[in-house]
Amino acid sequence: MDALNKKTIEDIDVKGKKVLARCDFNVPLKDGEITNDKRIVAALPTIKYLMENGAKVILCSHLGRPKGEYKPEFSLAPVAAKLSEYLGVEVKLAEDPEVVGENAKAMAADLKDGEVMLLENVRYRKEETKNEENFSKELASLAEIFVNDAFGTAHRAHCSTTGVASYLPAVCGYLIQKEIKFMGGALADPKRPLVAILGGAKVSDKIGVISNLIEKCDTIIIGGGMAYTFMKYLGHNIGDSLLEADWVEKAGEMMKSAEEKGVKFLIPVDNKVGKEYDENTESQIVNSDEIPDGWMGLDIGPKTQTMFADAIKGAGTVIWNGPMGVSEWDNFAAGTICVAKAVAESGAISVIGGGDSVAAVTKLGFADKMSHISTGGGASLEFLEGKDLPGICALADKD
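Reference entry: report on the structure contained in this document. (Residues numbered from 1 in each chain as written. Predicted model: local features only at pLDDT ≥ 70, side-chain atom pairs only at ≥ 80, totals over all residues. Heavy atoms only, no water.)

## A few points about the overall build of the chain
Of the regular secondary structure elements, the chain holds 14 helices and 17 strands. For the chain, whose C-alpha radius of gyration is 23 Å, the value lies close to the compact-globule estimate of 21 Å for 399 residues. Within the chain, the fraction of its 399 residues that count as buried is 56%. Of all intrachain contacts in the chain linking residues separated by at least 6 positions in sequence, the fraction that spans at least 24 positions is 74%. (Helix = DSSP H or I, 4+ residues; strand = E, 2+ residues; numbered from the N terminus. Rg over C-alpha atoms; globule rule 2.2 N^0.38 Å. Buried < 20%, exposed > 50% of the residue type's maximum accessible area, 1.4 Å probe, protein only. Contact = heavy atoms within 4.5 Å.)

If you want it as structure tokens, here you go:
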């Protein structure tokens, strides 16, 4: 997949054309109110471009997991209201339980250049997640061009992400273009040195990512719960810290592989450990080979913070996925804060992916210092693994 060579909305004439745009409006709701509208805001540049260039815009998205049946609590009505507010025009919702129903068809036929409508939750149809042809054809029948701007679902082959692209000319919107530019660029042609920081709980979740990055990086930094599986391989006593016993050998193989390729592979040299998995537990700082029985590592220690920050300082490109400790607890957030600060101050091209590291960077106020914050957790991980993302593969290549 040459992700960097995909056509965008600017490579196709949209004037007077009906354009089906797949966005990611999978926003959190509480009592029918949107509690965080970042994903809607992220979609606005593409929608505005289509409107300003005279397209008849038909938006679609999923929301939550209605599991293939109509459930009013998963309706996109709150999204339509929020879009109307941001765009300054009425965005009508086609209220069809079957998504492409009489309302949607009539509304799409009546659209004027520059007008916008929204289809109901595509996951009301059980065919959507199975990528079944009949629903893809129904979606495609409404439009003349397909724009995919939902990076968060680009790793899923569904009707509204890949199926519909078989029946219409398919290009990407600004959001996917930005993801491809930063994430694709960071892997394909990075400004060196390339430093990858990987955290989070499980080694098993990141095996593919680490293996792929060893081939590309100059330095790999490992923090978070998964670091203890690497310490175990080195023969350290890790107390009650998180351990994936089945992955100890694999962790060792990756360390050896990095060494053979001349890649620096850093794991914590000291840790902040707690007596219990609790925010206010008794805690102490200990070296990585001296974690006492009955204690568990919950963050990286001060020596490790300095070592990691020094490794980040001279980076040309940084890829960061996953926190260094239990960063949602103030008592165990110092490691993640230190790394976020180092990345922000490094001047490197920085690509942040994965929900927890994005949350940490945002909460700590470093978001505007990062070159790119990915909108797709699972999709960004698969991208970093070097996997082909179906939602991007389905788009037309530039000539």
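The structure having been displayed, the exposition proceeds.
## Quick word on the pattern of salt bridges
If charged atoms from side chains of opposite charge come close, those side chains can pair. Counting across every chain of the model gives 14 salt bridges. Between Glu 133 and Lys 137 there is a salt bridge whose closest N-O contact spans 3.4 Å. One end of the pair, Glu 133, and the other, Lys 137, are both in helix H5 (residues 133–141), four residues apart, so they sit about a helical turn from each other. Of the residues examined, Lys 137 reaches a relative accessible area of 43% and is grouped as partly exposed. One salt bridge connects Glu 253 with Lys 250, and the closest N-O pair in it is separated by 3.7 Å. Of this pair, Glu 253 and Lys 250 are both found in helix H9 (residues 248–260), three residues apart, which corresponds to roughly one turn of the helix. (Salt bridge = Lys/Arg side-chain N within 4 Å of Asp/Glu carboxyl O.)

## Looking at the sheet that holds strand S17 (residues 372–373)
To summarise the sheet geometry, strands pair through backbone hydrogen bonds and adopt either a parallel or an antiparallel arrangement. The strand order across the open sheet formed by six strands is S11-S10-S9-S15-S16-S17, and the pairing between neighbours is parallel. Each edge of the sheet is formed by a strand with only one pairing partner; in this case those strands are strand S11 (264–266) and S17. One ladder, built from five bridges, connects strand S15 (residues 317–321) with strand S16 (residues 349–353); its direction is parallel. Paired with Ile 319 across the bridge in S16 is Val 351. (Pairing = 2+ DSSP bridges.)

## Here we look at the sheet that holds strand S4 (residues 56–60)
The six strands are arranged S5-S6-S4-S1-S7-S8 in an open sheet whose pairing can be described as parallel. Pairing within the sheet leaves two strands with one partner each, and these edge strands are strand S5 (92–94) and strand S8 (170–172). The mean angle between the axes of side-by-side strands here comes to 30 degrees, regardless of whether they run parallel or antiparallel. Note that S5 and strand S6 (residues 116–119) share three bridges and pair parallel. Residue pairing across strands places Lys 92 opposite Met 117, the latter belonging to S6. Of the strands in this sheet, strand S1 (18–22), S4, S6 and strand S7 (145–148) touch helix H1 (residues 38–52), which is tilted by about 155 degrees from S4. Relative to the sheet, helix H2 (residues 77–87) contacts S4, S5 and S6, its axis offset from that of S6 by approximately 165 degrees. (Axes fitted to C-alpha atoms, helices over the stretch in contact; angles between N-to-C directions.)

## A few points about the packing of aromatic side chains
Counted according to the given criterion, the structure contains six aromatic pairs. Here Tyr 70 and Tyr 124 contribute two aromatic rings whose centre-to-centre distance is 5.0 Å and whose plane-to-plane angle is 75 degrees, an arrangement assigned as edge-to-face. With a gap of 54 residues between them, Tyr 70 in the loop between S4 and H2 and Tyr 124 in the loop between S6 and helix H4 (127–130) connect regions that are remote in the sequence. Accessibility expressed as a relative area gives 3% for Tyr 124, which makes it buried. A ring pair is formed by Phe 151 and Phe 383, whose centres lie 6.3 Å apart and whose planes are at 70 degrees; its orientation type is edge-to-face. Of this pair, Phe 151 sits in the loop between S7 and S8 while Phe 383 is found in helix H13 (residues 377–384), placing the two residues 232 residues apart along the sequence. For the pair Phe 151 and Phe 383, one class covers both residues: buried. Within the aromatic cluster, the residues linked to one another by ring pairs are Tyr 277, Trp 329 and Phe 332. Between the NZ or CZ atom of Lys 272 and the centre of the ring of Phe 332, over which it lies, the distance is 5.1 Å. (Phe/Tyr/Trp six-rings, centres within 6.5 Å; stacked < 30°, edge-to-face > 60°. Lys NZ or Arg CZ within 6 Å of the ring centre and 35° of its normal.)

## Some thoughts on empty space enclosed by the protein
Counted according to the given criterion, the structure contains one cavity of 30 Å³ or more. Approximately 30 Å³ is the volume found for the largest cavity. Lining the largest cavity are Asp 24, Arg 39, Ala 42, Asp 149, Ala 150, Phe 151, Gly 152, Leu 175 and Thr 375. Partitioning the lining of the largest cavity into residue classes produces four nonpolar, two polar and three charged. (1 Å grid on protein atoms, 1.4 Å probe; cavity = no way out; pocket = protein on both sides within 12 Å on 5 of 7 lines; lining within 4 Å. Points joined across faces, edges and corners; volume = space filled by probe spheres on them. Nonpolar A, V, L, I, M, F, W, Y, C, P; charged D, E, K, R; others polar.)

## Description of the layout of surface pockets
Within this model, the largest pocket holds a volume of roughly 710 Å³. Mapped onto the lining of the largest pocket, the elements with two or more residues apiece are H1, helix H6 (174–188), helix H12 (355–363) and S17. In terms of residue count, the dominant contributor to the lining of the largest pocket is H1 (six residues). Taken together, the residues of the lining of the largest pocket sort by class into 11 nonpolar, 11 polar and three charged.

## Quick look at the nonpolar core
Within the largest apolar cluster, 72 residues are counted, with the highest numbers of intra-cluster contacts made by Leu 119, Ile 222 and Phe 230. Listed in part, the 31 residues of the second largest apolar core include Phe 25, Leu 44, Leu 83 and Val 147. (Core = buried A, V, L, I, M, F, W, Y, C linked by side-chain atoms within 4.5 Å.)

## Things to note about the environment of Asp 37
Positionally, Asp 37 belongs in the loop between strand S3 (33–34) and H1. For the pair Asp 37 and Asp 11, spaced 26 residues apart in sequence, the C-alpha separation works out to 29 Å. In this view, Asp 37 contacts Lys 82 and Tyr 86; residues no more than four positions away in its chain are not counted.

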